Amino acid sequence: MGVELESYSIALPENRICRELHFPKRSSVEKGERFTRDWSIGTEYNSKVFSTIREAFFLLKSSLRKYSEFRKKNGHDTRYVIFPVGGWTDRFAGSHFHFALGKKGITYKQAKDLALRIHDHIPFLIALAGNSPVWREKITPFSSNRLLKGSDKYCKATRRGTLYKHHFREMTFNRGGKKKPPTLEIRVCDASIPEYLVAILCVCRAVALRWLKYKSSYNASTHPNYLKARERAVKIGAMARLVWTNHWVRTSAYVDLFFRKYEEELDQMDIPEEVIRIFKYLKKGWNQAEVIRRAAEKYRKKHHPTWQRQFAKRYAVAIEELLDGNSFEQFAKKLGVKLPNIDRTWLGRKEARW
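Residues numbered from 1 in each chain as written. Predicted model: local features only at pLDDT ≥ 70, side-chain atom pairs only at ≥ 80, totals over all residues. Heavy atoms only, no water.

(A) Structural detail: empty space enclosed by the protein. For the coordinates displayed, the defined rule picks out one cavity of 30 Å³ or more. Approximately 30 Å³ is the volume found for the largest cavity. Contributing to the lining of the largest cavity are K112, A115, L116, H119, T158, R159, R160, G161, T162, L163 and M171. A per-element tally of the lining of the largest cavity places helix α2 (residues 108–118) first, with three residues. (1 Å grid on protein atoms, 1.4 Å probe; cavity = no way out; pocket = protein on both sides within 12 Å on 5 of 7 lines; lining within 4 Å. Points joined across faces, edges and corners; volume = space filled by probe spheres on them. Helix = DSSP H or I, 4+ residues; strand = E, 2+ residues; numbered from the N terminus.)

Right, here's the structure in full:
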């Protein structure tokens, strides 16, 4: 597994949301990771290869923490922190996920077969990953403006059983290169923090583990129903009604279905508690778009017309503390958002275990 994360930036101390390009000190970059440039948004991080879910969670936190060491080349006092959201001004920032079967990667036939299994879970991934309620500096009611505005150009919907070999589809066969083997790439998810990135990896890995056992797929719906569920997930996010084998269920019920059907695969992963809680918040109707929207609305009401800088100031503190080891709950609290109580929220049939 591997992750590519595109990101906006927050310039300190002026608390300005921007797309300025910056890199970490060379001494802090480890073998296998890359801090590079995305021509659209600016800053992009390419992760190491992950073999386990816990490894992914630990390495994403430790690597993204290096963004706090970024400095301008001209030696001025401006410092940057990452601002991983799917949209804010007029550019899109996404998270791309890569999957392969060992060092040699994955063949096109294997990738096409795996994509077939993941395809009908894409609306669920969109509901989970939505993180762009703000577009052109205006707060909207939508969960993912990135997909609402940019699907046709950058993440075009495809039919189950189809896998393209070029970019700008929901899933593509990435041919790789000298430093990276061929992979199956999933492109629908907004830029996000490690807790959500790893939650997405959990969903895809569970499907892949079942596929590797030559077991049948659980979810297969008609293409019209798939498109309808996808649109609802883009607009409504965690409150959307999704489709599971042509049966319409709320996202909360979809979470339970997924954890019940893929219980064996999920048990193999040793999922961190911090990531399990992300699914519990999803059951309560919350994804990260809801946190960002509520925080933005709060600062717009209190600090208009300087609300964006006030929001950025608090977000910069929240993201640095999150990457240093604080919880998602503390992250939301720093933004001034109270999350719902999930103490008695179960996943699937699990009780104390999950």
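Next comes the rest of the account.
(B) Representation of the environment of V317 in the model. Position of V317 among the secondary structure elements: in helix α11 (residues 307–323). C-alpha separation for the pair V317 and E290, spaced 27 residues apart in sequence, amounts to 19 Å.

(C) Molecular detail of α2. Residues of α2 that are buried: A111, L114, A115, R117 and I118. An end-on view of α2 places all buried positions within 155 degrees of arc, on one side of the element. Where α2 is buried, its residues touch α3 (122–129), β9 (171–174), β10 (183–190) and α5 (194–212). (Buried < 20%, exposed > 50% of the residue type's maximum accessible area, 1.4 Å probe, protein only. Arc of directions from axis to C-beta. Contact = heavy atoms within 4.5 Å.)

(D) Fine view of the pairing of strand β11 (residues 241–244). Pairing between β11 and strand β12 (residues 247–250): four bridges, direction antiparallel. Along β12, the bridge assignment pairs W244 with H247. Where β11 folds back onto β12 in an antiparallel hairpin, the turn is made up of two residues, including T245, whose phi is positive at roughly 50 degrees. (Pairing = 2+ DSSP bridges.)

(E) Structural detail: the packing of aromatic side chains. Inspection of the entire model under this criterion finds 24 aromatic pairs. Arranged with centres 5.2 Å apart and planes meeting at 50 degrees, the rings of F35 and Y45 form a pair that is tilted. Taken together, the residues span a long stretch of sequence, with F35 in strand β3 (residues 34–38) and Y45 in strand β4 (residues 42–46) at a distance of ten residues. Y45 gets classed as buried once you look at its relative accessible area, which sits at 0%. An angle of 75 degrees between the planes, with centres 4.7 Å apart, marks the rings of F83 and Y315 as edge-to-face. You can see F83 sitting in strand β5 (residues 79–83) and its partner Y315 sitting in helix α11, a full 232 residues away along the chain. According to the relative accessible area criterion, F83 is buried, its value standing at 0%. Members of the aromatic cluster, joined through ring pairs, are Y8, F83, W88, Y196, Y281, Y299, W307, F311, Y315, F328 and F331. For K165, the ring lying beneath its charged end belongs to Y108, and the centroid distance is 4.5 Å. For the cation-ring pair, R232 lies above W248, with the distance from its terminal atom to the ring centre recorded as 4.5 Å. (Phe/Tyr/Trp six-rings, centres within 6.5 Å; stacked < 30°, edge-to-face > 60°. Lys NZ or Arg CZ within 6 Å of the ring centre and 35° of its normal.)

(F) Examining the pattern of salt bridges more closely. Counted by the stated rule, this structure contains 23 salt bridges. Its salt-bridge partner being E14, residue R16 comes within 3.2 Å of it at the nearest N-O pair. The salt bridge involving K48 is made with E30; its shortest N-O contact spans 2.8 Å. Residue K48 is found in the loop between β4 and α1 (53–64), and its partner E30 is found in the loop between β2 (16–18) and β3; the two are separated by 18 residues along the sequence. Connected through shared salt-bridge partners, E30, E33, K48 and K66 make up one network. (Salt bridge = Lys/Arg side-chain N within 4 Å of Asp/Glu carboxyl O.)

(G) Up close: the nonpolar core. One finds F258, F279 and Y315 to be the most contacted residues of the largest nonpolar core, which totals 111 residues. Sort the elements by how many residues they give to this core and α5 lands first, with 14 residues. What Y315 contacts, discounting residues up to four positions off in sequence, is I10, I82, F83, P84, I193, Q288, I292, F331 and L335. (Core = buried A, V, L, I, M, F, W, Y, C linked by side-chain atoms within 4.5 Å.)

(H) Summary view of the pairing of β5. Counting buried positions along β5 gives four out of five residues, so the element sits mostly inside the fold. Where strand β1 (residues 2–12) lies against β5, five bridges are found, and the strand directions are antiparallel. Within β5, the position partnered with I10 by the bridge is V81.

Geometry only, nothing functional implied.
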